[in-house]
Every structure is written in C-alpha cells, then in structure tokens.
Amino acid sequence: MGDQDSILDAKAGVLRVVLAYAAFAALWILLSDEALGFLFRDPDLIVKASQAKGWVFVAITAVLLYGLLIRLVGRLNQSLRRELASEAERRHAEEQVHNLSFYDSLTSLPNRRLLFDRLGQSLLGGRRSDTRGAVLFIDLDGFRALNDTRGHEVGDRMLVEIARRIAASVHREDTVARVGSDEFVVVANGLSPERDAAAVAAREIAERIQAVVRQPLDVDGQEVLGSVSVGISMFSGAEGTVDELLKQADASMFEARSRGRGGIHFFDVAMQAALEERVRLEGWLSKALPDQLRLYYQMQVDCSGTIQGAEVLIRWLHPERGMIPPCDFIPLAEETGMILPIGRWVLETACRQLKAWEAVPATRHLRLSVNVSARQFRQDDFVREVLDVVEQTGADPANLKLELTESMVVENIDQVVDKMARLKAMGIQFSLDDFGTGFSSLSCLRRLPLDQLKIDQSFVRDVTENANDAAIVRTIIALGQSLGLEVIAEGVETAEQRNFLAVHGCSNYQGYHFSRPVPLEEFELQLGQGRRHP
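Residues numbered from 1 in each chain as written. Predicted model: local features only at pLDDT ≥ 70, side-chain atom pairs only at ≥ 80, totals over all residues. Heavy atoms only, no water.

## Some thoughts on the packing of helix 4 (residues 143-150) against helix 5 (residues 152-168)
Rules: All axes here are fitted lines through C-alpha atoms, helices being fitted over the stretch that makes contact, and every angle between N-to-C directions spans 0 to 180 degrees. Strands are runs of DSSP state E lasting at least two residues, helices are runs of H or I lasting at least four, and both sets are numbered from the N terminus onward. Throughout, the term roughly parallel applies to angles under 35 degrees, roughly antiparallel to angles over 145, roughly perpendicular to angles from 65 to 115, and oblique to all others. Any pair of residues with heavy atoms lying within 4.5 Å of one another is described as a contacting pair. Side-chain classes follow a simple rule in which Ala, Val, Leu, Ile, Met, Phe, Trp, Tyr, Cys and Pro form the nonpolar group, Asp, Glu, Lys and Arg form the charged group, and the remainder, Gly included, forms the polar group.
At a minimum axis distance of 6 Å, the contact between helix 4 and helix 5 shows a crossing angle of 140°. The angle between the axes of helix 4 and helix 5 places the two elements in the oblique class. Note on element contacts: helix 5 touches helix 4 through His 152, Val 154, Gly 155, Met 158 and Leu 159, opposite Phe 143, Leu 146, Asn 147 and Arg 150. Across the contact of helix 4 with helix 5, the residue classes tally to five nonpolar, three polar and one charged.

Put into structure tokens, the structure is as follows:
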C-alpha cells in the first residue's frame, strides 16, 4: 500500500503542475502581446520582443518538463527500491522458515522431518539399485550429567563439535541428522548388495564415528572426553518403512547403551519382539495408575529378629497378563516420565499407611523405606512435593525413609545435599541404597546427611564363599560405623549370611531369609503374630 500511495501522490503532483502550467501559458499568450504593444511603438521591436518572449516560454517549458521528469523518475526509482527490498526480505523470511522447518537450529544438521524425507528417498534408491544401506542411531553417553554440571552453554558447544565430527566422518551423499538433545542419526546409502558385506561396512562407519568422538574436546580450556553408543538397523529397498527402521535403530541403541558406554548393536528379530512388547507395555502402563498397582512390604529386622519396618516395593497386577515384574516396567516408566506420577502415588500410599499405623501402639514405631527414582529426585519441586505429601497425609516424617542410589548423589552434589538437608530438617531419614556398586567417594559420602548405608545384595549373596565380597562387606560395615550410620544388608537369604553379617557388626537385615515382599494384609498378619527371626 505504501508504494501505491507514493505513485498516486506523484501522479497528483504532476497533474497539479501541468494545470498550473497550462494556466500560466494561457495568461502568457493572451496578456504578453498586449503588454508588448504598450511597451514598444516600433513594430520591429515588437516582433523581436515577441520572438524573445517565445524563446523564454520554450526555456521555461523545458526547465519545467525537466524538473517534472526528474521528480517522476526519482519517485519511480524509490518505489522500485522498496519493491526490491521487500522482495529480498520476503525471500530471506522464506529461507528462515525453510531452515526452521527442515534443519536443526543449533547444529544446522537436518532435523527429524528432513530425515524422514531423506530416508524415504534412500529406500526408493535402494529398490532401483538393489543395494543395502544402514540407519545408525547415535546417543552421546553421559551428556545429561555434563550438561547439568558444566551448563547448557558448554553442552551446546560440545553438541556442535560432535555434529561436525560425525558429519566429517561419513560420505557426502549420506545424511546426518539431529533428532534429540544428544541423539543423532546417520543414513548410510549404497553400502553393498550383499547383506554381510553391508553389515561390515555399517559397523566400520559406527567405529569411525566412535573414534572421532573419543578424541579430546577442548571446552573453556578444559579437556572433555566423549563416547557414543550406536544402534544399527540395516535396510534394503524391498523391506522396511521409514518409521520401522528408526524404531529398530533406536531400540538397538538402547540395547548397546545397556551393555555399557561406547557399545555397538545391530537390530535383530528378538529385538523386534522386544520392541513390540515395549510398545504394548507402554500403552498398558499409561492406564495402570492407580487401580492396577500394588504396594508390597518386605520386612526389615534388627539383630534380635524384631521387625523394625519394611521397604515398600511396587508391583503391577495387569488384568490380562497377571503380575508384571518391576524390572519389566520401571525402566520404561523412567524413560516415558510415568515414573513421576507413579513415584508420587507410592509416596502417598506409604505415608497414608504410616498414619494408619500411628493409631496402634504396636505399630507406631514402624518405619517405611521408599525408593526414589533419579528422575523424581531431579525435579526442582521434589522437596516441596515430599513435604506436601507428608502434610496432607499427616504421617510422622520421622518414620519415613527415602532410599537414594549412589549414581543419583554423585551428580550435582551441592544440589543433592541441599535437597536432603531441607528434608532432613523436617525429620525425614535417608538411606543410600545399593552401596558399593556406584562411584561415590569418601569425601562425597561425608557431605551427605545420611542415616543408613544399605549393602547391596550382590555382595551379600556370596559373602560366605567369596573372599572379595566378604572383604567389601566388612569394609562397608566399618565405614558405616565410623561415620555413625546404621548399616542394613539386603538380599539376606540364609542363616549363614545373617550370622556373618552379625559377627562383623551389621545389625539390620532384609531378605528372603526373613520374608519375601508380601501384600499389606500378610505383612500385618506377620506383625500381629509377633514373629521374631533368629
């Protein structure tokens, strides 16, 4: 609208000047000859003056036309420049929209949307050329911990460098995409018509990527070492869809990562079945809370065999499948985020039970241990959530014990200590679960406001037969005693194990030797019977 208005204004200005000029010309022609007659009596002078008047009129007309032309050209030039600038801005905006739609803003690699398109083209190309390709799903090991400890700016710079290295280690016609925070996908085309040869070539690509990622990375003058886990799904033009290939490669990556850092794993038929089971469980899990979930109680006893409390353990009773083991659904709940509402439900149920036991003198002293997942504990409002549950249920916080794992407390130690201290101030206790299996240092352990160390069952299992396990158990007991912490051993299954622990100073136990995890009714029956366990 602005350019059109300028043109209209220019035309109106020209029209006004032309009309004014026409009026001037008419007056000039009509009046000037009469004036000449008054000024000059000599006819020759009148003729000469009239001719001069004509030349003056021509000159004025020429100057006027020149000015009008310059003004009109200027306006047209200005309008044209605006049009060109507007067109350049439009093209720039279109390029930005295109880049945002198809490319990752941080690394400039193709995003998931463009990856789907490129992989679809690779499948079509495979059909025409009868060659095989591979999808490599790449996950940067330990990136979340680095991002939390060093900050997002450092994490972003590391991602940009890793993206550059991955892209430089594959062929130009291959596709490298960023599909998640620390996840990349490589589509390698035309590896070989032979299945085995194509698989060997795909593994070589994965190993080459791992090698370049392992090279030290300088961040703010500090050396950072990285590693990646890689899942590989092979494809030919005759089989597989884009969505299936990505899911298979993703599942392979999880399998590689579960076996340790820097792993490589190929998708196979067994993994396909596991993938279908995972999808099925994920759908069921979204509907399981709260009606299908149960809390089981495994008693914890002291050296005299008196029940001091229990650890609450979640169980899933599916209406069709029956009892689904925690090892099958807890990792899935962690990955999908379902662990957050499940964890809150466990905490609320345990606190309501504590409140109910407070009304009975015989059970008023009982304590319940509740496992806290890493994802729960990392929530910014975790402390507020726990305190809200305790307040709403009216449970005595002194009877609530939260169990944390070593891997949770070694990251962001300052934040961990702060959260624990705030809950500890309200009377809530803490136990360090699976102690001895993680990487916590003595200096880290001394900073934590703990009440209890829990010896992992992997050490207790062979404590009477394996000298190394026995030495570890004795060390943990001595460490707990030196720090003034209660020590409890889990996984106690035999009287010999219990006796070994007692002799070396461990006075609290949990395991099948005393009781399996049981429903609430059975646990209360055990309490009512006043059972003691030698």
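Read on for the rest.
## Things to note about the environment of Glu 496
Structurally, the position occupied by Glu 496 is in helix 18 (residues 495-503). Each C-alpha atom, one on Glu 496 and one on Val 463, is 9.2 Å from the other, the two residues being 33 residues apart in sequence.

## Here's the deal with the pattern of salt bridges
Should the charged atoms of two oppositely charged side chains come close, the side chains can pair. Put simply, the rule is: Salt bridges are counted wherever a side-chain nitrogen of Lys or Arg sits within 4 Å of a carboxyl oxygen of Asp or Glu. Here the term buried applies to any residue with accessible area under 20% of the maximum for its type, exposed to any over 50%, and partly exposed to those in between, with areas from a 1.4 Å probe on protein chains only.
This structure, assessed with the given rule, holds 22 salt bridges. Among the ionic pairs, Lys 401 bridges to Glu 486, the shortest N-O distance being 3.9 Å. Taken together, the residues Lys 401 in strand 12 (residues 400-405) and Glu 486 in strand 15 (residues 486-490) connect sequence positions 85 residues apart. For Lys 401, a relative accessible area of 2% corresponds to the buried category. The closest approach of N and O atoms between Arg 447 and Asp 414, which form a salt bridge, is 2.6 Å. Of this pair, Arg 447 sits in helix 15 (residues 442-447) while Asp 414 sits in helix 14 (residues 413-424); the two residues are 33 residues apart in sequence, bridging distant segments of the chain. Here the salt bridges do not stand alone but share partners, grouping Glu 311, Glu 403, Lys 454 and Glu 490 into one network.

## A few points about the sheet that holds strand 3 (residues 183-192)
The strands that make up a sheet are held in pairs by hydrogen bonds between backbone atoms, and each pair lies either parallel or antiparallel. For clarity, the threshold we go by: Pairing between strands is defined by DSSP: at least two bridges between the two strands are required.
The five strands are arranged 2-3-1-6-7 in an open sheet whose pairing can be described as mixed. Every interior strand has two partners, whereas the edge strands, strand 2 (175-178) and strand 7 (264-266), have only one. Within this sheet the neighbouring strands show an average axis-to-axis angle of 20°, counted without direction. Examined bridge by bridge, strand 1 (residues 132-140) and strand 3 share seven bridges and lie antiparallel to one another. By the bridge assignment, Ala 134 is partnered in strand 3 with Ala 188. Its contacts with the sheet put helix 7 (residues 242-258) on strand 1, strand 3, strand 6 (228-236) and strand 7, and the angle it makes with strand 6 is roughly 145°.

## Side note on the confidence of the model for the protein
Going by this rule: A residue's pLDDT is the confidence the predictor assigns to it, expressed on a 0 to 100 scale.
When the pLDDT values of the protein are averaged, the result is 84; 82% of them are 70 or greater. Per-element confidence in the protein ranges from a low mean pLDDT of 59 for helix 1 (residues 2-39) to a high of 97 for strand 11 (residues 367-371).

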